[in-house]
Amino acid sequence: MLDKYRSARYKGGGRGERVGGIRMFDCYGLVRAVRAEQYGLPTLPTYAGVPTDNPRRVNVALREVRQGLQPCGVQAGAMVLCWTGELALHCGVVVPLNGLLGVLECTVDAGVRWQSVRSFACKFTTVEYFT
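Description of the structure in this document. (Residues numbered from 1 in each chain as written. Predicted model: local features only at pLDDT ≥ 70, side-chain atom pairs only at ≥ 80, totals over all residues. Heavy atoms only, no water.)

**Concerning the pairing of strand β4 (residues 79–84)**
When you tally the buried positions in β4, you get five out of six residues, the bulk of the element. If you look at the hairpin formed by β4 and strand β5 (residues 87–97), you'll find two residues sitting between the two strands, and G85 has a positive phi there, around 65 degrees. The sheet contact formed by β4 and strand β8 (residues 126–130) spans five bridges and is antiparallel. Residue pairing across strands places L81 opposite E128, the latter belonging to β8. (Buried < 20%, exposed > 50% of the residue type's maximum accessible area, 1.4 Å probe, protein only. Helix = DSSP H or I, 4+ residues; strand = E, 2+ residues; numbered from the N terminus. Pairing = 2+ DSSP bridges.)

**What about the side chain of R23?**
Looking at the element boundaries, R23 is found in strand β3 (residues 22–25). Relative accessible area serves as the criterion here: at 12%, R23 is assigned to the buried category. Looking at R23, its side chain comes within polar contact range of the main-chain oxygen of G16, at 3.3 Å. Beyond its immediate stretch of four places on either side in the chain, R23 contacts K4, Y5, A8, R9, G16, E17, R18, A33 and E37. (Polar contact = N/O pair within 3.5 Å; in protein donor to acceptor, adjacent residues only side chain to side chain. Contact = heavy atoms within 4.5 Å.)

**Focus: the nonpolar core**
In terms of nonpolar packing, the biggest core is built from 29 residues, with Y5, L30, L62, M79 and L104 touching the most fellow members. Elements represented by at least two residues in this core include exactly α2 (27–39), α3 (55–67), β4, β5, β6 (100–107) and β7 (111–116). Here the element with the most residues in this core is α2; it accounts for six residues. In this structure, M79 is in contact with Y28, V31, R35, L44, L62, V65, L69, C91, G92, E128, Y129 and F130, ignoring residues within four places of it in sequence. Residues C82, F120, F124 and V127 belong to the second largest nonpolar core, which totals ten residues. (Core = buried A, V, L, I, M, F, W, Y, C linked by side-chain atoms within 4.5 Å.)

By themselves, these observations are geometric and do not establish any function.
So this is what it looks like as C-alpha cells:
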C-alpha cells in the first residue's frame, strides 16, 4: 500500500493531481487521499486554496478539519494533527508497515516518508489523533 504513495512528490496545495504521471501532495493532501483511498473514510474538505507557506491560514484550516473528526488513539487511518506551540502546522496519517504502526507524511524536504509513531511525534510540541 505504501508504494502507491512513496513515489509521490511534495507540492504546496497538492491534492493528488498527476504531473508527468507522478502524484503531487502536501501533508494535508496526502492525509486526505490515504484516509479515503485506503481506509474508506469520508473525504476530508479540500482546502486547496490554503497556502502552505502561510502558518496562520494552515492553522485555521487544520483546526476546522479537526472539528469534524473524533479524537482517537493511535490506529490505522487516523489523522495525526501536529502542534508547534499553539499552532497546528502539519499533519500525517497512521499506517502500518511490517506489522508496526507509523506515520506517513509529506514534507518539502523529505517528500513522502514513513516513520515510527515515536520518531514522528518527538518533533512536535503535541500530536493528536483523529478518525
